[in-house]
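Here is how the chains run, residue by residue.
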Amino acid sequence: MLPKINSLRSKTITLNGKKMILKPWTNIQLTTYEENMDSKDYNLIFELLIKDNIETKYTLTLIERRYCLYELYMLSKGNLLDIQFTCASCKNPSQTTLDISKIVNYKELKERTIKTKHFVMNLKSNSSYCIDLDKDINI
């Protein structure tokens, strides 16, 4: 049974035929994430910022999770993302603001076939394949 999301700012989206409800981040979630920001572990990001903010009965692919992260950011903090960086050439600090809603696009998966040397994958809109690339394959 999925937890019921109650929020005035919740948003319903559909990705590849998978319907889900998103709720914005809480201040506690953001604080916990900021304390662990140096970690590059995507599973930690999923645990802290995505898992508890999505209500769906489907298993999400990595790209669907990443898109949900964009949607959660826009729902929680707005469309604008402030970026600070140092120029590699002149070493001067700079900053800019990006409008995420204008640069992130999601295309629905169409039915298609992907062929590799050893496999043929017939993908449909709700396909969710996991290939173990570390295992030896004897074909």
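Residues numbered from 1 in each chain as written. Predicted model: local features only at pLDDT ≥ 70, side-chain atom pairs only at ≥ 80, totals over all residues. Heavy atoms only, no water.

### So, the pairing of strand β2 (residues 18-22)
Thought 1: Across the two faces of β2 the burial differs, with K18, M20 and L22 buried and K19 and I21 not buried at all.
Thought 2: Note: strand β1 (residues 11-15) against β2, 5 bridges, orientation antiparallel. Within β2, the position partnered with T14 by the bridge is K19.
Thought 3: Hairpin connection from β1 to β2: 2 residues lie between these consecutive antiparallel strands, with N16 at a positive phi of about 50°.
Thought 4: Both β2 and strand β3 (residues 54-55) contribute to a ladder of 2 bridges, which runs antiparallel. Along β3, the bridge assignment pairs I21 with E55. (Buried < 20%, exposed > 50% of the residue type's maximum accessible area, 1.4 Å probe, protein only. Helix = DSSP H or I, 4+ residues; strand = E, 2+ residues; numbered from the N terminus. Pairing = 2+ DSSP bridges.)

### Quick word on helix α3 (residues 62-77)
For an α-helix, 3.6 residues make a turn, and residues three or four places apart therefore share a direction.
Thought 1: Taking 1.5 Å of rise per residue, 16 residues should cover 22 Å, and α3 covers 22 Å from first to last C-alpha, within 8% of that figure.
Thought 2: The inward-facing, buried residues of α3 contact β1, β2, α2 (42-50), β3, β4 (80-86) and α4 (100-103).
Thought 3: Directly after α3, the chain includes G78, whose backbone phi takes a positive value near 105°. (Expected span 1.5 Å × (residues − 1). Contact = heavy atoms within 4.5 Å.)

### Describing the environment of T96
Thought 1: Positionally, T96 belongs in strand β5 (residues 93-99).
Thought 2: Once the C-alpha coordinates of T96 and Q84 are considered, the two residues, 12 residues apart in sequence, prove to be 6.6 Å apart.
Thought 3: Residues in contact with T96, not counting those within four places in the same chain, are L81, D82, I83 and F85.

### As for the pattern of salt bridges
Thought 1: In the structure shown here, the tally under the stated rule is 3 salt bridges.
Thought 2: Here E64 ties to K18 by a salt bridge, and the two come within 2.9 Å at their closest N and O atoms. Residue E64 is found in helix α3, and its partner K18 is found in strand β2; the two are separated by 46 residues along the sequence. Pair check on accessibility: E64 and K18 agree, each one buried.
Thought 3: Of the charged contacts in the structure, one is a salt bridge between E47 and K51, with a shortest N-O distance of 3.0 Å. (Salt bridge = Lys/Arg side-chain N within 4 Å of Asp/Glu carboxyl O.)

### Quick look at the pairing of strand β6 (residues 112-115)
Thought 1: Inspection of the sheet shows β6 paired to strand β7 (residues 120-123) by 4 bridges, in the antiparallel sense. Residue pairing across strands places R112 opposite L123, the latter belonging to β7.
Thought 2: As consecutive antiparallel partners, β6 and β7 are separated by 4 residues.

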